[in-house]
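# Breakdown of the fold
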Amino acid sequence: MAYCSATASTRGGTAPTLSNRSSISRLIDLNITSNASNQLFFTATSKTGYRKRRFYVRSEAKPKLKDPVTVEQGSIDKSKSDAEAVASRITYHAEFTSSFSPEGFDLPKAYFATAQSIRDSLTINWNATYNMYEKMNVKQAYYLSMEFLQGRALLNAIGNLELSGAYGEALSKLGHKLENVVSQEPDAALGNGGLGRLASCFLDSLATLNYPAWGYGLRYKYGLFKQLITKEGQEEVAENWLEMGNPWEIMRNDISYPVKFYGKVVTGSDGKKRWIGGEDIMAVAHDVPIPGYKTKTTINLRLWSTKVPSADFDLSAFNSGEHTKACESQANAEKICYILYPGDDSLEGKTLRLKQQYTLCSASLQDIIKCFERRSGENVRWKEFPEKVAVQMNDTHPTLCIPELMRILIDLKGVSWNEAWDITQRTVAYTNHTVLPEALEKWSLELMQKLLPRHVEIIEMIDEELINGIVAEFGKSDPELWEKKLNAMRILENVELPSSVADLFIKPKETSVVDTSEMSKASDNGSVADEEDELVENMEKEVDLPPIPVTPKLVRMANLCVVGGHVVNGVAAIHSEIVKQDVFNDFYKLWPDKFQNKTNGVTPRRWIYYCNPDLSRIITKWTGGDDWVLNTEKLAELRKFADNEDLQSEWRAAKKINKLKVVSLIKEKTGYSVSPDAMFDIQVKRIHEYKRQLLNILGIVYRYKKMKEMNAVERKDKFTPRVCIFGGKAFATYAQAKRIVKLITDVGATINNDSEIGDLLKVVFVPDYNVSVAELLIPASELSQHISTAGMEASGTSNMKFSMNGCILIGTLDGANVEIREEVGEDNFFLFGAQANEITGLRKERAEGKFVPDARFEEVKEYVRSGVFGPYDYDELLGSLEGNEGFGRGDYFLVGKDFPSYIECQEKVDEAYRDQKRWTRMSILNSAGSYKFSSDRTIHEYARDIWNIQPLQLP
């Protein structure tokens, strides 16, 4: 039983409102194990006055925590040891803010209490950071992304606050180990691959470098999916990361914005456009603190959930037994934030995806604009908006920011079209992450007209202005040139030209000059009349003509991004060149200064300092301090010690420790036992044909076949023992990717149970790959495969993480591989395969039937088809590697072309690994050369070249 009473007094007779700028102090004197009443006292002061409240709490005796401590809330009390103060705060939350029953202090409860205690410290810095932004009114960057793949937050937060030791000791006092408590946290299911991981690395760097910035995303209830691996291959079930609650987020019930779909556009008596009617939902803010490393700066990740007001619940229908109808509006609203990337094969799926994208854009922009207006005070000057706001679109998903910002400015704020367009272009910037045609989003114009009618009007006007600009740039003398430019550059595809320029494209009818004397002669002979009679007779016959295909009208989102933003950046040097010379070449020729490169990076805090503590200690020792965590250029100092036997010995020992952790992980997740003495060969990334997991597994099949053709002595002499590890998710509707997963698991089931092969070769698919799994696999890796078809991977970020952790890469000259190879040295990178500038010619050669496959490649395909790996029919998968052209044929990703080069390169890997001194030297030089690939460097470049923002450090 518990009760509380409160008294309050105020100055001036009115209760004050505690604003964000109020100072709050608390003193709590509580003995958790006492049955007596306990007194809590806190004061709150603000500019308007203060309040005092006294609470009395009576509770029954609880099971004692190990080594009970006095409870304190807020920042750590330095009069006590750090560990004692931390334990006090953990104990307080276990008792008073826990989501668990009061009995016991098991691991889940310990995790929540620990997370809530660290959130207290974060909140103090979080509020101070926010208040500083408000006070200084500096320009702020806003990073909009459909994905934020954060991973676990607890260890990162404790580390960034430099409290790892204190929390480890405190939890030990309370009966738990820190690592066991950390393991209770589920990964936040807010992303899938590199796009989301990059966004999270950027937030970490923004906070660490003290840049004023926020992130905006969606709060997905069920994530992408939880991956199960069964005998049938991959199966998908909903993520459950929110089932127990999320101690890191704060739901801001006072921050919500209306988001509209459907309806119609009307013109008022004042001539202004108004979007009315339709379906209205509310986007509600959930805030997550993002702490910087060794700084007070704590920035915000604001995630939107969706709902409708209670008034929209149809109580009458519910009481009439029409329960589904009564809940329809709420269900339609909530499902927007159910799933990341819902299947879009159906119209309903496409509609839901478009709703997701618009919800992110609309709610975020409304929030940003409200902040700008608040900070501007009574004198709002919209032309200054780009001087205070920078909006970065992470890929094409947030493209609707462009027409949405235009709509708000014109329809709601009364800004003219020309001024609104100037503001929008100076505010928004676009990061391109792909050259794949299917990833350069195109939306049905018909769907968008129904769902977002006002935005289509705005897009049509932008498209018309673009067309007029192209005509003005290239003149009117060459209609064929115009047509070529418009086909490449228009935002609207397969849509009639606006009337203002349509007349320019009317081609004069061709007329033939007829020799009248010849006609006269023919007429005399009766031939003209005969031909006319025959023509009429043929026209009267019924002819079954094939139907003329209807070409869909589309909105090209990438083109809209290029036109509507002031900067377009690629994410690796080679990718940015492809963007300029191929993907957006016509735009580049028109606006060359708009295009930049910003090579990706990863945060060294999460991706080496925290996930690989043993290696981190070695680096700190040999570089003379831990400055490298903030200044990764210090890693280059390892180069001078690369041949030092002591360093090499320590380096190998650290790798062995990490490999033993992965041995346990594999046993737990798959049941397979693997040897830590074998080479750990890892490919973990989203399953896709262009990433060529198929090339990897076919290489393994070839290796296995050759082993089976040898006796035991020959095998041991020829092959280096390997554990080949795969991880990654195939989208639920991507049939070919799921077939690849099935082949990998079938091959693994056969090889891993082959007693003749034993530990010489193992193949493991780790299910449900996520950030936490990566944090174990990457430090243990010795060889990592980044083998995409050249020119198809924008950058990659996992290649950077592997290299940073001393892993040697095998790969093509694609994405950031090119720059990694330059930095670590050509001798420390295993290169194979065709280069990007050869790909088009090779595909043409294939289409013309000139490609002759290597005999070893044909041998491997036949071996798979023989049934040695089970009865599954792999004809559709292997058939994609055969033929010369056509959908699902012709080996578009050049697996067959690169196969000989790949297996020959793998022989060089075996040879190098046998010389452990050489291999360790290569490993050290990879870590030393990875300094360029810190996201800190990338963020400095964005801040300087695109956003024009300056660091703002708390005192």
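Parameters at a glance
- The residue count restarts for each chain, going from 1 along the sequence in the order it is written.
- Reporting of local features is limited, given that this is a predicted model, to residues whose pLDDT is at least 70; pairs of side-chain atoms are given and counted only at 80 or more, and all residues count toward the totals for whole chains, interfaces and linings.
- To obtain the side-chain values, all non-hydrogen atoms of the structure were included, while hydrogens and water were left out.
- Working definition: helices are DSSP H or I runs of at least four residues, strands are E runs of at least two. Numbering for both runs from the N terminus.
- Partly exposed residues are those whose accessible area sits between 20% and 50% of the maximum for their type, while under 20% is buried and over 50% is exposed, using a 1.4 Å probe and protein chains only.
- Contacts are assigned to residue pairs that have any heavy atoms within 4.5 Å of one another.
- Strand pairing requires that DSSP identify at least two bridges connecting the strands.
- What counts as an axis is a line fitted to C-alpha atoms, over the stretch in contact for a helix, and the angles between N-to-C directions run from 0 to 180 degrees.
- Nine residue types can take part in a nonpolar core, namely buried Ala, Val, Leu, Ile, Met, Phe, Trp, Tyr and Cys, and a core is a set of them joined through side-chain atoms within 4.5 Å.
- In this scheme, roughly parallel covers angles under 35 degrees and roughly antiparallel covers those over 145, while 65 to 115 is roughly perpendicular and the rest are oblique.
- Note that Gly is not counted as nonpolar here; it falls among the polar residues with everything else outside the nonpolar set of Ala, Val, Leu, Ile, Met, Phe, Trp, Tyr, Cys and Pro and the charged set of Asp, Glu, Lys and Arg.
- Salt bridges are identified by distance alone: a Lys or Arg side-chain nitrogen within 4 Å of an Asp or Glu carboxyl oxygen.

## What about the overall build of the chain?
- Per the secondary structure count, the chain includes 37 helices and 25 strands.
- Per-residue burial for the chain yields a buried fraction of 55% across its 955 residues.
- Considering only residue pairs separated by 6 or more positions, the chain has 76% of its internal contacts joining residues 24 or more positions apart.

## Quick notes on the sheet that holds strand β19 (residues 595–597)
- With mixed pairing, the nine strands of this open sheet are ordered in space as β8-β11-β12-β5-β4-β13-β14-β18-β19. On the outer flanks of this sheet lie β8 (250–261) and β19, each paired with one strand and no other. On average, each strand axis in the sheet is tilted by 25 degrees relative to the strand beside it, whichever way the strands run.
- Relative to strand β5 (residues 213–218), strand β4 (residues 140–144) runs parallel, the two being bridged by four bridges. Looking at β5, one finds that Y143 is bridged to G215.
- Seen against the sheet, helix α37 (residues 935–947) touches β4, β13 (389–394), β14 (428–431), β18 (568–570) and β19 and runs at an angle of roughly 115 degrees to β13.

## Looking at the nonpolar core
- Counting 151 residues, the largest nonpolar core has W304, M448 and W947 as its most contacted members.
- Top contributing element to this core by residue count: helix α10 (residues 347–376), with eleven residues.
- If we skip the residues at most four places from it in the chain, W947 touches K139, A141, Y143, L206, A390, Q392, I939 and Y942.

## Remarks on the sheet that holds strand β23 (residues 783–786)
- Pairing is parallel across the open sheet formed by six strands, whose spatial order is β22-β21-β20-β23-β24-β25. The open sheet has two edge strands with one neighbour each: β22 (761–766) and β25 (830–831).
- Where strand β21 (residues 722–727) meets β22, six bridges bridge the pair, whose relative direction is parallel. Paired with F726 across the bridge in β22 is F765.

## Remarks on the side chain of N192
- With respect to the helices and strands, N192 occurs in the loop between α5 (178–182) and α6 (194–208).
- A relative accessible area of 17% means that N192 is categorised as buried.
- With residues near it in sequence (within four places) discarded, N192 still touches E147, L149, L224, L340, R686, K729 and F731.

## Regarding the environment of A636
- With respect to the secondary-structure elements, A636 resides in the loop between α24 (613–623) and α25 (645–670).
- For A636, a relative accessible area of 21% translates into the label partly exposed.
- Between the C-alpha atom of A636 and that of N926, which follows or precedes it by 290 residues, the distance is 9.6 Å.
- Excluding residues within four positions of it along the chain, A636 makes contact with A928 and Y931.

## A word on the packing of helix α13 (residues 417–427) against helix α15 (residues 453–474)
- In contact at an axis separation of 13 Å, α13 and α15 are set at 85 degrees when each is read in the N-to-C sense. By the criterion of interaxial angle, the relationship of α13 to α15 is roughly perpendicular. Contact residues: W417, N418 and W421 in α13; I458, M461, I462 and E465 in α15.
- For the contact of α13 with α15, the class distribution of residues is five nonpolar, one polar and one charged.

## Observations concerning unusual backbone geometry
- Phi at D395 is positive, roughly 75 degrees, even though this residue is not glycine.
- By secondary structure assignment, the location of D395 is in the loop between β13 and α12 (401–412).
- Residue D395 is classed as buried on the basis of its relative accessible area of 8%.
- If you check the backbone angles, L894 has positive phi at about 60 degrees while not being a glycine.
- Within the fold, L894 resides in the loop between α34 (875–879) and α35 (895–914).

## Quick word on the pattern of salt bridges
- Summed over all chains, the structure comprises 67 salt bridges.
- Among the salt bridges present, the one from R219 reaches E249, with a minimum N-O distance of 2.7 Å. With R219 in the loop between β5 and β6 (226–230) and E249 in the loop between β7 (233–237) and β8, this pair connects stretches of sequence that are 30 residues apart.
- With a relative accessible area of 18%, R219 lands in the buried category.

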